[in-house]
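An overview of the molecular structure
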Amino acid sequence: SLPAKLINGGIAGLIGVTCVFPIDLAKTRLQNQQNGQRMYSSLSDCLIKTIRSEGYFGMYRGAAVNLTLVTPEKAIKLAANDFFRHHLSKDGKKLTLLKEMLAGCGAGTCQVIVTTPMEMLKIQLQDAGRIAAQKKLMAAQTQISSSPAAAAAEPAVETRPTATQITRELLRSKGIAGLYKGLGATLLRDVPFSIVYFPLFANLNKLGQKDPNVKAPFYVSFLSGCVAGSTAAVAVNPCDVIKTRLQSLQRGVNEDTYSGILDCTKKIWQREGPTAFFKGAYCRALVIAPLFGIAQVVYFVGIAEFLLDMLPKSRA
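What comes next concerns the included structure. Here the structure is a predicted model, which is why all the values come from computation and not from measurement.

Describing the overall build of the chain
Scanning the chain from terminus to terminus reveals 13 helices and 0 strands. Listed N to C, the secondary structure of the chain is α-α-α-α-α-α-α-α-α-α-α-α-α in terms of helices and strands. Long-range pairs, those at least 24 residues apart, make up 81% of the contacts in the chain with a sequence separation of at least 6. Carbon and sulfur atoms make up 66% of the accessible area of the chain, which totals about 15,500 Å².

Let's talk about the nonpolar core
The biggest cluster of nonpolar side chains holds 39 residues, and the ones touching the most others in it are Leu43, Val65, Phe193, Tyr197, Ile288, Leu291 and Phe292. If you list the elements that add at least two residues to this core, you get helix H1 (2–32), helix H2 (43–54), helix H3 (63–88), helix H4 (97–146), helix H6 (163–174), helix H8 (183–206), helix H9 (218–235) and helix H12 (281–301). With 6 residues, H1 is the single largest residue contributor to this core. Ignoring sequence-local partners within four residues, the contact set of Tyr197 consists of Gly225, Ala228, Gly229, Ala232, Phe292 and Gln296.

With respect to a nonpolar patch on the surface
Residues Phe218, Tyr219, Phe222 and Leu223 make up a contiguous nonpolar surface patch of roughly 430 Å² in combined accessible area. Among the secondary structure elements, Phe218 is positioned in helix H9.

Focus: the pattern of salt bridges
With the rule as written, the count across this model stands at 18 salt bridges. The shortest N-O distance in the salt bridge between Asp45 and Lys49 comes to 3.3 Å. In this pair, Asp45 and Lys49 both sit in helix H2, 4 residues apart, roughly one turn of the helix. Given the relative accessible area of 17%, Asp45 is considered buried. For Lys206, the salt bridge goes to Glu100, with nearest N and O atoms at 3.9 Å. Here Glu100 lies in helix H4 and Lys206 lies in helix H8, a separation of 106 residues in the sequence.

A closer look at the environment of Gly182
With respect to the helices, strands and loops of the structure, Gly182 is situated in the loop between helix H7 (176–179) and H8. What Gly182 contacts, discounting residues up to four positions off in sequence, is Thr116, Lys243 and Gln247.

A look at the environment of Leu97
Locating Leu97 in the fold gives a position in helix H4. Considering only alpha carbons, one finds Leu97 and Asn203, 106 residues apart in sequence, at a separation of 9.4 Å.

What about the packing of H8 against helix H10 (residues 237–247)?
Between H8 and H10, the shortest axis-to-axis distance is 9 Å and the interhelical angle comes to 155°. One way to sum up the angle between H8 and H10 is to call them roughly antiparallel. For the crossing formed where H8 meets H10, the hand is left-handed. In this structure, H8 uses Ala185, Thr186, Leu188 and Arg189 to contact H10, whose residues at the interface are Cys239, Asp240, Ile242, Lys243, Leu246 and Gln247. Looking at the contact of H8 with H10 residue by residue, the classes come out as 5 nonpolar, 2 polar and 3 charged.

What counts and how
The numbering scheme is per chain: residues are counted from 1 as the chain's sequence reads. Per-residue local features are limited, in this predicted model, to residues with pLDDT of at least 70; the limit for side-chain atom pairs, both in listing and counting, is 80 or more; totals at the level of whole chains, interfaces and linings are taken over all residues. In computing side-chain properties, one takes all heavy atoms of the structure into account and sets aside hydrogens as well as water. Each helix corresponds to a stretch of at least 4 residues labelled H or I by DSSP, and each strand to a stretch of at least 2 residues labelled E; elements are numbered beginning at the N terminus. It only takes one pair of heavy atoms within 4.5 Å for two residues to be counted as in contact. Method for areas: the Shrake-Rupley scheme with a 1.4 Å probe, in which residue coverage is limited to the protein chains shown. The criterion is simple. A nonpolar core is a set of buried Ala, Val, Leu, Ile, Met, Phe, Trp, Tyr and Cys residues joined through side-chain atoms within 4.5 Å. Partly exposed residues are those whose accessible area sits between 20% and 50% of the maximum for their type, while under 20% is buried and over 50% is exposed, using a 1.4 Å probe and protein chains only. In this scheme, patches are assembled from residues that exceed 30% relative accessible area and form no salt bridge. Like charges are connected within 9 Å, while nonpolar side chains (Val, Leu, Ile, Met, Phe, Trp, Tyr) are connected within 5 Å. Just to be clear on terms, a salt bridge is a Lys or Arg side-chain nitrogen sitting within 4 Å of an Asp or Glu carboxyl oxygen. Orientation is described by lines fitted to C-alpha atoms, with helices fitted over the stretch in contact, and by angles between N-to-C directions that extend from 0 to 180 degrees. The scheme is simple: roughly parallel for angles under 35 degrees, roughly antiparallel for over 145, roughly perpendicular for 65 to 115, oblique for anything else. Two helices cross in a left-handed way if the nearer one is turned anticlockwise from the farther one by less than a right angle. They cross in a right-handed way if the turn is clockwise. All residues other than Ala, Val, Leu, Ile, Met, Phe, Trp, Tyr, Cys, Pro, Asp, Glu, Lys and Arg, Gly among them, are scored as polar; the first ten of these are nonpolar and the last four charged.

Right under this line is the structure:
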């Protein structure tokens, strides 16, 4: 049933995000590093420095936004894919690869309604620590070079905006369009991701089914979700880098600004080289693999069906 699909998708998203959010934060910070002062050299270096400067919970900056909106996002994504698959297979025949890709395309298009504002807010909160640390380092270097005595002075405490404050400011200055900055880049990432992910998952999952009418074991769904998710994540990583750069409202020292997708692509290619499009690719693979593995296990095991079946009994 549709309620069961939505509940399953929501539960899957909450569990997955909680497990992998620190890696996602590192991915955002690594992708946003440009020509300015580079703060982090790798995933582990980023996480260690984040804990030292911001504490353990610094790794979860922006998690509240993600946890709030990931439920409708994952629910829409998984339920929409099932919806399109169902309507594309009305003739009773097995879905062709093309139809599976079309279903994935539809799912990816539907989810950006929630994904774009969620990513927009999350990126500001995730990257705030990197920008603050960079400004602090640059200020300290300037003070040391100009006056060693000034360097010993107590640094000013910098307040970081909350998701609510960012939302209010964007709505006040730019309207609803402010929350949907980077919509085109989000579509360029999420639609190809879903086109790759859903058909690949479905076909890998079928390999573990002994009978077409019986669900594959949970570990098969988990591994299929991990493999399909990481493959699709790496494939669309260039689009994710562009989307992250376009949605970042604050820039570090000597970092470029961009007017659109083409301008961003051109500047990254010319100033950082083609390898820059794969910044954070392994982080993204580490995020997406367990995220979608867990999502598919919860979705296919059907926790929601169990909960919904228990409701009449508890009332009785």
